Amino acid sequence: LCRNVFEVTQIASVLGSMKKEQVVNCQFSVWYPSFKKHTIKSLILSIPQNVIDYLLDDGTLVWTDDETTTAVTAPEFPEFNIKVQEAINVLGGCVFPKLNWSAPRDANWIALNSSLQCQSLSDIFLLFKSSDFITHDLTQSFLHCSDDSPDPTINYELVLRKWSELIPGAEFRCFVKENKVIAISQRDYTQHYQHIAKQEASISSSILEFFSDHIQYQFPDEDFVLDVYRDSSGRVWLIDFNPFGEVTDSLLFTWEELTFGKYLTASQTQEDTTPQDGPAFRYTTSEVTVQPSPCLSYRIPRDFLDLTTGEDAYKLIDFLKLKGQQEEEESDEEGEEP
Ligand SMILES: Nc1ncnc2c1ncn2[C@@H]1O[C@H](COP(=O)(O)OP(=O)(O)OP(=O)(O)O)[C@@H](O)[C@H]1O
Ligand SMILES: [Mg+2]
């Protein structure tokens, strides 16, 4: 048992050995200037402190119900709004928004179009204020870092990327250790895409070629996670850089394998003893039951959403009152227990 406890502690400490510097280097504004040519056109705006306060404040969208008026009030930021609108226009009218590291992927369900496509600052606010991933960027950006140094100062930035219809089956995540791609995973592992198995060799070689031509030794760290997109003509594009560590989703691999695996294999069940040339490539095969989307658990019940987005705001208020009454009745009943 002692040995196991020792091993578990060691594993935990190695897995948590990501450095703050690595997180700093994965901020969009840090890598974008060097890799502009290979990624989607984007603009970066610094976010004023009052907007950050608004994003962090849970209570600013206020429902007032004094029997006669019902209003949803959100503060206005006229100057910032103009800058954002100008940037959106430059990018063609539709954008994909992010903060320094994360997009509000967990909040797309709240938007009327169920998508992260935004055309205005209010579209962006709705997503950002509903997203735990955005809150993570604002409050816990150095979670899982092992160094005790004080947290580096972060300047929060709104990243607007030109909206691009990406095909999920063409997105891949590459795990880079000591400047070598050790593993490639299908990014949307919840679905089976037939073409991936058929084109495995060409997908893998085009990604590796892209990596050695444009990425290798050009990123400030030697360990990192790279997201790429292979378009229909076979050209590979950079989508994002992420820290090599637990804050980043390891998709079809595990962080134990990625950190300790000597020779990673294509399937988790094979033993990793045979040396191989290229990286391990994993994708979802037809035998695997298609899994629910990992972001589903962030949603609220559909009924509630219908009420909040419905035209009749009083319905939501009635619903909340009803819930309040029910809870009061339940606690009264509990109080009667001996
Ligand atoms: N410019 C864009 N237009 C439309 N969709 C996009 C765009 N950029 C990214 N996406 C989609 O959104 C997904 C998430 O984007 P991105 O990787 O930038 O977010 P993230 O928050 O860094 O994600 P993760 O937490 O997994 O690192 C991508 O997999 C892609 O499907
Ligand atoms: Mg990312």
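For the chain, an unreviewed UniProt entry supplies the name Translation initiation factor eIF2 assembly protein and the organism Sinocyclocheilus rhinocerous. UniProt lists a comment for the chain under the heading Function (unreviewed entry), and it reads "ATP-dependent protein-folding chaperone for the eIF2 complex. Binds to the gamma subunit of the eIF2 complex which allows the subunit to assemble with the alpha and beta subunits." The record held by UniProt for the chain lists under Sequence similarities (unreviewed entry) the comment "Belongs to the CDC123 family."

Colleague: Any chance you could explain the packing of helix α4 (residues 49-56) against helix α6 (residues 121-129) here in plain terms?
Modeller: Packed helices, taken two at a time, are described by the angle their axes make and the gap between the axes. Contact geometry of α4 with α6 gives a least axis separation of 9 Å together with a crossing angle of 50°. The orientation of α4 relative to α6 falls into the category oblique. In contact with V51, Y54 and L55 of α4, α6 contributes F125, F128 and K129. Within the contact of α4 with α6, the residues separate by chemical class into five nonpolar, no polar and one charged.

Colleague: For this particular structure, what's the right way to read the sheet that holds strand β4 (residues 95-98)?
Modeller: Adjacent strands of a sheet pair through backbone hydrogen bonds, lying either parallel or antiparallel. The strand order β1-β5-β4 describes an open sheet built from three strands, whose pairing is antiparallel. With partners counted over all chains shown, the strands left at the sheet margins are β1 (42-46) and β4, one partner each. Ignoring which end each strand starts from, the neighbouring axes of this sheet average 20° apart. Against the sheet, helix α3 (residues 28-35) engages β1 and β5 (157-162), with an angle of about 145° to β1.

Colleague: Would you mind going over the pattern of salt bridges with me for this structure?
Modeller: A pair can form between side chains of opposite charge whenever their charged atoms are brought close. As enumerated under the stated definition, the model contains six salt bridges in all. The residue D151 makes a salt bridge to K20 at a minimum N-O spacing of 2.9 Å. On the criterion of sequence distance, the pair formed by D151 in the loop between α7 (132-139) and β5 and K20 in helix α2 (residues 20-25) is long-range, its members being 131 residues apart. It is possible to trace a salt-bridge network through shared partners that takes in E171, R173, R187 and D227.

Colleague: Which parts of the structure should I look at to understand the site of ligand 1?
Modeller: Residues in contact with ligand 1 amount to 17 residues; listed here are only the nearest, K98, A103, E171, R187 and D240. Within the contact set of ligand 1, an oxygen atom lies 3.4 Å away from a backbone nitrogen or oxygen of W101. A distance of 2.8 Å separates an oxygen atom of ligand 1 from a polar atom in the side chain of R187. Against a free-state accessible area of 620 Å², the protein chains account for coverage of 87% of ligand 1. If you list the elements that add at least two residues to the shell around ligand 1, you get β4, β5, β6 (171-177) and β9 (236-242). Residue composition of the shell around ligand 1, by class: six nonpolar, three polar and eight charged. For the shell around ligand 1, the two domains that each supply at least three residues are domain 1 (16-164) and domain 2 (166-298).

Quick notes on the rules
Going along each chain's sequence as written, the residues are numbered from 1 onward. The naming scheme follows written order: chains are lettered A onward, ligands numbered 1 onward. The predicted origin of the model limits local features to residues at a pLDDT of at least 70 and limits the giving and counting of side-chain atom pairs to 80 or more, whereas totals for whole chains, interfaces and linings rest on all residues. Calculated side-chain values reflect all of the structure's heavy atoms, with hydrogen atoms and water omitted. UniProt positions are given in the numbering used here, feature names are shortened, and annotations may be inferred rather than shown by experiment. Fitting a line to C-alpha atoms yields each axis, with helices limited to the stretch in contact; the angle taken between N-to-C directions then spans 0 to 180 degrees. Per the convention used, a helix needs a DSSP run of H or I reaching at least four residues, while a strand needs a run of E reaching at least two, with both numbered from the N terminus. Roughly parallel refers to an angle under 35 degrees, roughly antiparallel to one over 145, roughly perpendicular to one between 65 and 115, and oblique to any angle outside these ranges. Working rule for contacts: check all heavy atoms of both residues, and any pair within 4.5 Å makes them a contact. Only Asp, Glu, Lys and Arg are considered charged in this grouping, and only Ala, Val, Leu, Ile, Met, Phe, Trp, Tyr, Cys and Pro are considered nonpolar; every other residue, Gly among them, is considered polar. Note on pairing: two strands pair once DSSP finds at least 2 bridges between them. Definition used for salt bridges: Asp or Glu carboxyl oxygen within 4 Å of a side-chain nitrogen of Lys or Arg. Residue proximity to a molecule or strand is established when one non-hydrogen atom of the residue lies within 4 Å of it. Contacts described as polar in this section are N or O atom pairs within 3.5 Å, which, within protein, must combine one atom able to donate a hydrogen with one able to accept it, while residues neighboring in sequence count only if both atoms come from side chains. Surface exposure here means Shrake-Rupley accessible area, sampled with a 1.4 Å probe, where a residue is shielded only by the protein chains that are shown. How far each domain reaches was decided by an automatic or database domain assignment.

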